[in-house]
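Examining the three-dimensional arrangement
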Amino acid sequence: MNALVRKEIRLILPAWTAALALAVAPVWFISVNDLVGWQHQGAAIACYAFALGAMLLGLAPYGQECGLGTFSLLLAQPVCRRRIWRVKMIVAAVGLVLVLTGLAVSYRFRIQELPSREVIWHVVWICGMIALTAFAGGLWTTLLFRQVAAALWFTLLAPPALLTATSKLWEKSSDNIAMAGGAGVLAVYSVAGLFLARRLLLRAQDTQWTGGTLSFPARLGFGTRTRTSAHTGTRRPLGALLWKEFYLHHVSLLLGAGMLLLHLLVVVVRRMEYDPGQEKSSLLALLDFW
Amino acid sequence: MEGSGSPGRNGAGKTTTIKCLLNLLRPDAGTLRVFGLDPQKEEVAVKSRLSYVPDAVAFYPWMTVRDTLEYFASFRAQWNRAIEADLLRRFGLDPSQKTSALSKGQRTQLALIAAICPEPELLVLDEPTSGLDPIVRREFIETVIGAYQSSDPENRTVFVSTHLISEFEGLIDEFTIIEQGRELLAMPADDARERFKKIRVRFAAAPGRLDLTGALRVKQNGREAEILANGNSERLLEALRAQQPEELRCESLSLEEIFVSSKILTQAAP
């Protein structure tokens, strides 16, 4: 087997194992009655666990490289970036298909009485869409941020935020249209995510998207205070330490504030948009995650 | 073989230059050519003719030394197994050892083996000896460069970015001093040694203020003085001999001294 492929398999192996466990374990631990029908909590948990696994698989190919510090090493090799992309995508896609197969086989063994063909296709369709969305999200975010933690949050938040933001478009339509609309949004997001990820890799430089350290804009007055020598004599170690800590983490604080706003937005929109007690379509049920 | 050195202060742009050569960074302005090729457009063609050892070396932790070398070899059209075996033996690296168990010095050694075995035309080393102890450093310079040179001495170039100029001095045929991303001084090392001289003079009694027109710098301390000359050492020596010194010595500046004094040297270059 090609050394690049072998390396890639080993690179995503921990994430793949976790994804498989996340996909399969809920099927075996949740009662069968709870698993059948998307309106049940058990099915939703299984769905979220599978989505989380797919997301881990999306984060792994480039997140692992960044985490191990080998991304530059990979880019420095005399190998076409398109080939790197192809190998990573094929290995991760095969991993994802195997996870989906594991999920399907688990369901088949767990549920003796198969539902109708229509329901099966519905489940396959939903799982496929979730897998693609989470996978594509993991890819573009890791290549953009080169940080697994930031990528994880954006991968988690972007699809629900998009669904919530576009839900108004089909709020008066039937469930089927709302489902199709939501699916369309996720499909566009996924395809765009894959294209963006590919573009980011082909143009990748040995630096994050910011090209360095993010800073508060100078016009806000952060970090631009100049002090004369007369001021340096003032002994205020606590204030200086606090200021240093604040400045050290200001990017994280900004991101955190953005995340909090998104959370609040999702919560508010959810309360306005639909009644939690009402039976939801499977796609909208995803919003329950938030 | 030709050795090219790029000394520069911290933040001068040495690593940035190297990353631009490898298309790991895109230059904001200007053009860049390696082997006459554009690294952005012909990335693989450029990279297949060079090897790069970064300042911070990282490997996949689950791989052994052997696996790592096989991995790098898979990207190359040629790989010299004899050099690989020789360097592994000289560095005392165990091929079955996991890279996660290697020390910083051993990781650098492994990276150097991986860089030399493909026998590239250009070997790019970014602070290759930082963090290595003096013995390993010396061994590295002698062993690695020796192994690289022995394969095809006529077609080998080593591009080194380093703070430790004195250790690489014997290898450097040409140098380019970089300051804030710009070339401050570039010339063949032998020409530089010929051109930039340091004259030490001692008089029997303090001579008063020495008036040496054309000297780059005159440092006077009582009876003794040190004068920097830029291509005019003979004339300055004659002027000093006229004052009948007790002792008069003239020697070439080392590359490190040229680097330290580079601003003075370039300001007054003829």
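Keep in mind that this is a model prediction, so the values were computed, not measured.

1. Notes on unusual backbone geometry
All names here are of chain B. The phi angle at F35 is positive, at roughly 55°, despite the residue not being glycine. Counting through the fold element by element, F35 comes out in the loop between α1 (14-21) and α2 (43-47). The backbone phi angle of E119 is positive, close to 50°, even though this residue is not glycine. Looking at the element boundaries, E119 is found in the loop between α5 (104-116) and β3 (122-126). In this structure E119 comes out as buried when scored by relative accessible area, which is 18%.

2. What about helix α9 (residues 233-241) of chain B?
Residues and elements named next belong to chain B. Within the sequence span of α9, burial applies to S233, L236, L237 and L240. Taken around the axis of α9, the buried residues stretch over an arc of 100°, which confines them to a single face. Pointing more than 90 degrees away from the buried face of α9 are the exposed residues E234 and E238. On the buried face of α9, the contacting elements are β7 (196-202), β9 (224-230) and β10 (247-252).

3. Focus: the side chain of E43(B)
In this structure, E43(B) sits in helix α2. The contact partners of E43(B), leaving out residues within four places of it in the chain, are L75(A), R81(A), L22(B), N23(B) and D38(B).

4. What about the interface of chain A and chain B?
Facing the 24 residues of chain A at the interface are 22 residues of chain B. Linking chain A with chain B are 1 salt bridge, by the criterion used here. Summed over the shared surface of chain A and chain B, the result is 6 residue pairs in polar contact (both at pLDDT 80 or more). Those elements that place two or more of their residues in the side of chain A that touches chain B are α1 (3-29), α3 (41-68) and α4 (71-75) of chain A. When residues in the side of chain A that touches chain B are grouped by element, the largest group, 5 residues, is from α1(A). Among the residues forming the side of chain A that touches chain B, the class breakdown is 12 nonpolar, 6 polar and 6 charged.

5. Here we look at the packing of aromatic side chains
Taken as a whole, this structure holds 7 aromatic pairs over all chains when the rule is applied. Measuring from centroid to centroid gives 6.4 Å for Y62(A) and F71(A), while their planes differ by 85°, and the two rings are edge-to-face. No difference in accessibility class separates Y62(A) from F71(A), as the two residues are buried. Put simply, the rings of F59(B), Y60(B), W62(B), Y71(B), F72(B) and F75(B) touch in pairs and so form one group of aromatic residues. Note that K88(A) overlies the ring of Y62(A), its terminal NZ or CZ placed 5.0 Å from the centroid. When the ring centre of F35(B) is taken as origin, the NZ or CZ atom of R49(B), which lies over that ring, is 4.2 Å away.

6. Here's the deal with the sheet that holds β9(B)
Across a sheet, strands are paired by hydrogen bonds formed along the backbone, either parallel or antiparallel in direction. Residues and elements named next belong to chain B. Sheet architecture is open: 4 strands sit in the order β8-β9-β7-β10, paired in antiparallel fashion. Across the chains shown, the open sheet's two edge strands, defined by having one partner strand only, are β8 (217-221) and β10. Strand-to-strand twist in this sheet, taken as the mean axis angle between neighbours without regard to direction, amounts to 15°. Of the strand pairs in this sheet, β7 and β9 are connected by 7 bridges, and their pairing is antiparallel. Following the sheet pairing, V201 is matched in β9 by A225. The strands that α9 touches are β7, β9 and β10; relative to β7, the one it contacts most, it runs at about 10°.

7. Focus: the pattern of salt bridges
If you walk through the whole model with that rule in mind, you get 23 salt bridges over all chains. The residue E245(A) makes a salt bridge to K244(A) at a minimum N-O spacing of 2.5 Å. With relative accessibility at 34%, the residue E245(A) sits in the partly exposed group. We note a salt bridge from R193(B) to D190(B), for which the minimum N-O separation is 2.8 Å. With R193(B) and D190(B) both in helix α8 (residues 189-195), this residue pair falls 3 residues apart, about one helical turn. What emerges from the salt-bridge pattern is a single network uniting R202(B), R223(B), E246(B), E247(B) and R249(B).

8. Thoughts on helix α7 (residues 148-166) of chain A
An ideal rise of 1.5 Å per residue puts 27 Å on 19 residues; α7(A) measures up with 27 Å between its terminal C-alpha atoms. At L157(A), α7(A) is deflected by roughly 25°, the largest bend along its length, and proline P159(A) occurs up to four residues later in sequence.

9. Remarks on the side chain of Q109(B)
Among the structural elements, Q109(B) can be located in helix α5. Beyond its immediate sequence surroundings of up to four residues, Q109(B) is in contact with F91(B), L93(B), V136(B) and E139(B).

10. Digging into a nonpolar patch on the surface
Residue and element names in this part refer to chain A. A cluster of nonpolar side chains, namely W28, F29, V105 and F109, defines an oily patch on the protein surface of about 500 Å² accessible area. Put simply, the parts of the chain that give the nonpolar patch at least two residues each are α1 and α5 (81-110). Tracing the chain through its elements places F29 in helix α1. Taking relative accessible area as the criterion, F29 reaches 73% and is therefore assigned exposed.

11. Looking at the packing of α7(A) against helix α8 (residues 175-202) of chain A
Residue and element names in this part refer to chain A. Running from N to C, α7 and α8 cross one another at 135°; their axes reach a closest spacing of 10 Å. Viewed along their axes, α7 and α8 adopt a mutual orientation that is oblique. Where α7 crosses over α8, the handedness of that crossing is right-handed. Contact residues: A158, P159, L162, L163 and T166 in α7; G182, V185, L186 and Y189 in α8. Looking at the contact of α7 with α8 residue by residue, the classes come out as 7 nonpolar, 2 polar and no charged.

Calculation criteria
- Residues numbered from 1 in each chain as written.
- Chains lettered and ligands numbered in written order.
- Predicted model: local features only at pLDDT ≥ 70, side-chain atom pairs only at ≥ 80, totals over all residues.
- Heavy atoms only, no water.
- Helix = DSSP H or I, 4+ residues; strand = E, 2+ residues; numbered from the N terminus.
- Buried < 20%, exposed > 50% of the residue type's maximum accessible area, 1.4 Å probe, protein only.
- Arc of directions from axis to C-beta.
- Contact = heavy atoms within 4.5 Å.
- Salt bridge = Lys/Arg side-chain N within 4 Å of Asp/Glu carboxyl O.
- Polar contact = N/O pair within 3.5 Å; in protein donor to acceptor, adjacent residues only side chain to side chain.
- Nonpolar A, V, L, I, M, F, W, Y, C, P; charged D, E, K, R; others polar.
- Phe/Tyr/Trp six-rings, centres within 6.5 Å; stacked < 30°, edge-to-face > 60°.
- Lys NZ or Arg CZ within 6 Å of the ring centre and 35° of its normal.
- Pairing = 2+ DSSP bridges.
- Axes fitted to C-alpha atoms, helices over the stretch in contact; angles between N-to-C directions.
- Expected span 1.5 Å × (residues − 1).
- Bend = angle between axes of the 7 residues up to and from the residue.
- Patch = residues over 30% accessible without salt bridge, like charges linked within 9 Å, V, L, I, M, F, W, Y side chains within 5 Å.
- Areas by Shrake-Rupley, 256 points an atom, 1.4 Å probe, with all protein chains shown as cover.
- Parallel < 35°, antiparallel > 145°, perpendicular 65-115°, else oblique.
- Left-handed = near helix turned anticlockwise from the far one by under 90°.

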